Amino acid sequence: GPEGVGAIAEALKTNDKLTNLDLGDNGMMKEGVQALAAMLQKNTKLMRLDCSKNAGLWGDDAMKGVLTKAGEQHDAARKKAKKLIPQDELPFKLLMEDSPG
């Protein structure tokens, strides 16, 4: 739910190891989407985030827009960040499929 997603997002603000996160079908709601958007503005390591099949995104173009914009900013920050491993060169991928779980 949104509390769990918020806790994960808070921890990932200082993450320097995790590169792939699947939060699909977790009922993150709008609060979770906003927490992830805030995290993406600080984190530069995450290269793939799957938020598919989530209440808070499903059918909500405004919330998808919030996460898409944060993802674009995240990708730009990743491009400027120091490259430590080959995967750091890969573009950020954000998944938001709407099909219910």
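Use the structure listed above.
Everything quoted here is computed from the prediction, not taken from an experiment. (Residues numbered from 1 in each chain as written. Predicted model: local features only at pLDDT ≥ 70, side-chain atom pairs only at ≥ 80, totals over all residues. Heavy atoms only, no water.)

Considering the overall build of the protein chain
Reasoning step 1: Along its length, the protein chain carries three helices and three strands.
Reasoning step 2: Going from the N terminus to the C terminus, the protein chain shows its helices and strands as α-β-α-β-α-β.
Reasoning step 3: Here the C-alpha radius of gyration of the protein chain, 13 Å, is about what a compact globule of 101 residues would show, namely 13 Å.
Reasoning step 4: Considering only C-alpha atoms, the protein chain reaches an extent of 35 × 20 × 20 Å along its principal axes.
Reasoning step 5: Each of the 101 residues in the protein chain was classed as buried or not, and the buried ones make up 37%.
Reasoning step 6: Relative to all contacts within the protein chain whose residues are 6 or more apart in sequence, the contacts with residues 24 or more apart total 80%.
Reasoning step 7: Here the protein chain has roughly 5,700 Å² of accessible surface; of this, 53% comes from carbon and sulfur atoms.
Reasoning step 8: Treating the 15 positive side-chain charges of the protein chain as one cloud and the 15 negative ones as another, the clouds have centres 8 Å apart. (Helix = DSSP H or I, 4+ residues; strand = E, 2+ residues; numbered from the N terminus. Rg over C-alpha atoms; globule rule 2.2 N^0.38 Å. Buried < 20%, exposed > 50% of the residue type's maximum accessible area, 1.4 Å probe, protein only. Contact = heavy atoms within 4.5 Å. Areas by Shrake-Rupley, 256 points an atom, 1.4 Å probe, with all protein chains shown as cover. Lys, Arg positive; Asp, Glu negative; His and termini not counted. Charge placed at Lys NZ, Arg CZ, Asp CG, Glu CD.)

Topic: the environment of lysine 83
Reasoning step 1: The topology assignment puts lysine 83 in the loop between α3 (61–80) and β3 (93–95).
Reasoning step 2: On the accessibility criterion, lysine 83 (29% relative accessible area) is partly exposed.
Reasoning step 3: Each C-alpha atom of the pair lysine 83 and lysine 45 lies 9.7 Å from the other, and the pair is 38 residues apart in sequence.
Reasoning step 4: Contacts of lysine 83, omitting those with residues within four sequence positions, involve Arg78, Asp88 and Glu89.
Reasoning step 5: Engagement of the side chain of lysine 83 in a polar contact is seen with the backbone oxygen of arginine 78, the distance being 2.7 Å. (Polar contact = N/O pair within 3.5 Å; in protein donor to acceptor, adjacent residues only side chain to side chain.)

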